[in-house]
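Each chain is listed here by its residues.
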Amino acid sequence: MTNDRTDLSSVQLHLVNNVDEAQNFLRWLGERRPHNAVSIDIETGELPGKDKKDAFSPWHGKIRLAQVGDGQQGWSIPWETWSGVFYQGMNNFEGPVIFHNIAFEAKWFAVASEWEMPWDRAHDTMIMARILDPLRSAALKPLSSQYIDPYAAALQTQLDEGMAKNGWTWGTVPIEYQPYWSYGALDTVLTARIWEMFYEQCGPDGPYYKPYELEMAARKIATRMEINGARVNLDYSKEKYDELIDYTERTKLWFYNTYNASMTSNQQLVRTFESLGAEIESYTPSGQKSASKDEIKRLSIEGNDEVKHLAEVVLKQRKADKLASTYFLNFTEKNVGGFLHPSINTLAARTSRMSITDPALQTLPKGDDTVRRAFIPKDEDHVIITSDLDQVEFRMFATLSGDQNLINLFLRADAEGSDPFTEIGRQVYQDPSMQKSDKRRGLIKGVVYGRLYGAGVAKQALTAGVPKEQMQAVSDSFDMNYPGMAEFQRTVNSVGQRRLLQEGEGYINTWTGRRIPCDEDRTYTLVNYLIQGGAAEIFKSNLVKLDQAGLTDNLIVPVHDEIVLQAPRKDAEEIKQIVKECMTTTEGWQVPLTADADGPLENWGDKY
């Protein structure tokens with residue numbers, strides 16, 4: 001490999017389109033190189049006559065090129081005619097294999113090829129990039145422009161122009177079109193060079209080895225869940241879609257007949273509320289008054305009777321419309337043989353929180369069973385089991401704050417089978433008879449999570465659905481009983497401010513050593529990042545424990561702090577106990593990070 005990682009002048013790119021080139025590729029693959037590592041990439045496309053979006057789905061598209069390279073040479077292998085060369089070479093290769101966005105290639109190789117991904121020696125430079133700097137783009141071309149050569153993306157520009165000029169798609173661009181196969185081959189060279197740079201920090205001797213190893217393990221498990229898929233009840237999904245759409249259309253018609261305005265127009269909705277005596281306090285970025293979700297929710301609490309009623313109707317209509325279009329319509333349109341294969345982004349946010357798209361399960365309303373009832377086990381011999389972490393962020397905060405009153409409260413609540421929010425409520429309200437069903441518990445919960453997420457009292461009140469004055473009184477009482485929480489927040493903010501002044505960036509480190517920076521002058525957000533980032537790592541560590549317990553093929557989908565899986569009906573109780581143990585963490589935390597398990601269930605929604 002060249003000693004100058006930024007010099008691309010001597011790079012050689014090859015297309016395997018004859019026997020001689022195939023033999024040259026295999027000979028090259030057997031050569032010695034730094035770390036004995038090669039990088040791998042693929043180009044995919046839609047099937048003839050199919051939607052061009054299918055180019056990115058291994059269940060609907062096809063592999064067109066496989067590329068293999070190191071820091072000096074890249075090889076493009078046409079899949080339809082020369083995939084045997086790839087199999088021969090990679091089945092015999094025993095060194096590290098590097099990807100940039102392994103989530104993509106791993107699914108394609110599992111679904112559309114005979115090559116088995118060697119996860120034990122696989123690396124991902126995109127994951128490395130997100131760990132090293134979660135605020136910067138982790139896409140290959142921006143990274144290449146930054147670390148290797150500003151002109152590294154020139155081939156992609158040439159390819160884009162050629163495809164646009166000729167009307168080609170990823171499924172129809174000719175294999176031997178030089179900018180196409182060269183672009184693919186060069187990607188492996190760029191990936192190999194970036195890996196050599198990043199491995200110094202993410203490898204066994206680097207400061208970010210622990211979070212990197214955790215992320216690679218979580219990626220492997222998430223990929224298996226994507227491939228496993230989640231079975232959905234299509235009849236129920238169609239029925240709920242029709243029901244919800246009917247409700248939204250009738251509601252919009254009622255609004256038009258009553259107020260002579262469109263319910264889906266922001267300006268008309270604002271004018272309607274104002275005509276009923278409401279004062280709109282929110283504005284769009286362009287300066288117009290806004291009927292946003294938070295504003296409508298505020299009106300449902302603070303408005304006059306007619307405003308409250310209309311606000312509640314609007315909120316219900318919006319929720320019904322979202323459930324219909326975001327979930328049930330996607331369930332019926334995107335399933336493959338009755339199974340959804342959602343995309344799981346294991347590093348969606350700077351805090352390393354996961355997100356799920358196609359469909360967007362991460363935005364499911366917490367505790368709502370309407371959508372969750374669509375998820376069913378793969379057959380009648382299996383049942384659903386779920387496990388949700390218990391107040392994981394609050395429990396982490398209690399340990400990190402060192403507030404002994406709070407730590408003791410958790411230990412007492414766990415010992416007595418009680419609930420921390422109820423226990424706090426009994427102290428704050430000096431009411432030992434308070435129960436979990438008491439509405440005041442919601443105020444306590446609002447204060448706690450408002451603090452964790454950096455929300456002020458006004459936002460806490462809005463979330464809890466109470467006047468600001470009432471929430472302020474609860475917040476003041478909370479501070480008096482648990483002073484360590486506010487002190488811990490001030491300490492984290494102070495550390496962030498010092499780092500900002502001394503190092504040019506405010507940041508915190510999670511328990512694995514992951515570095516999470518804040519935006520400039522927003523060091524107050526670091527408490528939230530510390531807790532959310534740490535909780536995300538705990539959840540991923542628990543997934544690793546489930547994997548080690550041999551349950552990976554049972555896993556269906558992770559949502560928020562909950563894992564959904566299926567188990568043979570006859571083994572459900574035994575597996576449920578294993579899941580509960582794997583999802584509980586005690587070592588290193590004064591307040592145990594506990595979890596419960598629910599099941600056996602006939603569908604996910606039965607939990608609620």
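Structure shown above.
For clarity, every value in this text was computed on a predicted model and none was experimentally measured.

Novice: So what's going on with the overall build of the protein chain? Residues and values would help.
Specialist: Along the protein chain, the regular secondary structure elements total 21 helices and 16 strands. Against the globule reference of 25 Å for 608 residues, the protein chain gives a C-alpha radius of gyration of 27 Å, in line with a compact fold. The dimensions of the protein chain, computed from C-alpha atoms along their principal axes, are 85 × 60 × 60 Å. When each of the 608 residues of the protein chain is scored for burial, the buried share is 54%. Taking the intrachain contacts of the protein chain between residues at least 6 apart in sequence as the baseline, contacts between residues at least 24 apart amount to 68%. Once the 66 positive and 86 negative side-chain charges of the protein chain are each reduced to a mean point, those two points are 3 Å apart.

Novice: Lay out the pairing of strand β14 (residues 555–559) in plain terms, naming residues and giving numbers.
Specialist: Among the five residues of β14, five are classified as buried, and the element is accordingly described as predominantly covered. With four bridges connecting them, β14 and strand β15 (residues 562–568) associate as antiparallel partners. The residue bridging V557 from the neighbouring strand is V564, located in β15. Connecting β14 to the next strand, β15, in antiparallel fashion are two residues, including H560 with a positive phi near 55°.

Novice: Talk me through the sheet that holds strand β4 (residues 73–78); I want residue IDs and the actual numbers.
Specialist: The six strands lie next to each other as β1-β4-β3-β2-β5-β6, forming an open sheet whose pairing is mixed. A strand with exactly one partner marks an edge of an open sheet, and here the two such strands are β1 (12–15) and β6 (122–124). Pairwise comparison of adjacent strand axes, ignoring direction, gives a mean angle of 25° for this sheet. Judged from the eight bridges that link them, strand β2 (residues 38–46) and strand β3 (residues 61–69) form a sheet pairing that is antiparallel. In the strand pairing of β3, T44 is matched with I63.

Novice: Give a description of unusual backbone geometry that names residues and reports values.
Specialist: For the peptide bond that leads from D358 to P359, omega is 0°, which places it in the cis range. Topologically, P359 is positioned in the loop between β10 (355–357) and β11 (382–389). In this structure, H560 is a non-glycine residue whose phi angle is positive, near 55°. Inspection of the secondary structure assignment puts H560 in the loop between β14 and β15.

Novice: Could you give an account of the packing of helix α11 (residues 293–302) against helix α12 (residues 305–334), naming the residues involved and the relevant values?
Specialist: Describing two packed helices takes the angle between their axes plus the distance from one axis to the other. Where α11 meets α12, the axes come as close as 7 Å, and the angle between the chain directions of the two elements is 145°. Crossing of α11 against α12: the hand is left-handed. In this structure, α11 contributes K293, I296, K297, L299, S300, I301 and E302 to the contact, and α12 contributes V307, K308, A311, E312, V314, L315 and R318.

Novice: Provide a residue-level description of the environment of V474, including the pertinent values.
Specialist: On the secondary structure map, V474 appears in helix α18 (residues 468–481). According to the relative accessible area criterion, V474 is buried, its value standing at 4%. Between the C-alpha atom of V474 and that of I444, which follows or precedes it by 30 residues, the distance is 7.2 Å. Discounting residues that sit within four places of it in the chain, V474 has contacts with Y429, L443, I444 and V447.

What counts as what
Sequence positions are assigned chain by chain, starting from 1 and proceeding in written order. Only residues with pLDDT of at least 70 are given local features in this predicted model, and only at 80 or more are side-chain atom pairs given and counted; all residues enter the totals for whole chains, interfaces and linings. Neither water nor hydrogens contribute to the side-chain values; these are computed over all heavy atoms in the structure. Per the convention used, a helix needs a DSSP run of H or I reaching at least four residues, while a strand needs a run of E reaching at least two, with both numbered from the N terminus. We compute the radius of gyration from the C-alpha atoms alone; for a globule the expected value is 2.2 Å times N to the 0.38, where N is the number of residues. Type-normalised accessible area, obtained with a 1.4 Å probe on protein chains alone, sets the label of each residue: buried when under 20%, exposed when over 50%, and partly exposed for intermediate values. When checking whether two residues touch, look at their non-hydrogen atoms; a contact exists if any pair is within 4.5 Å. His residues and chain termini do not enter the charge count, which takes Lys and Arg as positive and Asp and Glu as negative. For charged residues, the charge sits on one atom: NZ in Lys, CZ in Arg, CG in Asp, CD in Glu. Pairing between strands is defined by DSSP: at least two bridges between the two strands are required. The axes used here are C-alpha line fits, helices contributing only the stretch in contact, and every angle between their N-to-C directions lies in the interval 0 to 180 degrees. The sense of a crossing depends on the near helix, which, turned anticlockwise from the far helix by less than a right angle, makes the crossing left-handed and, turned clockwise, makes it right-handed.

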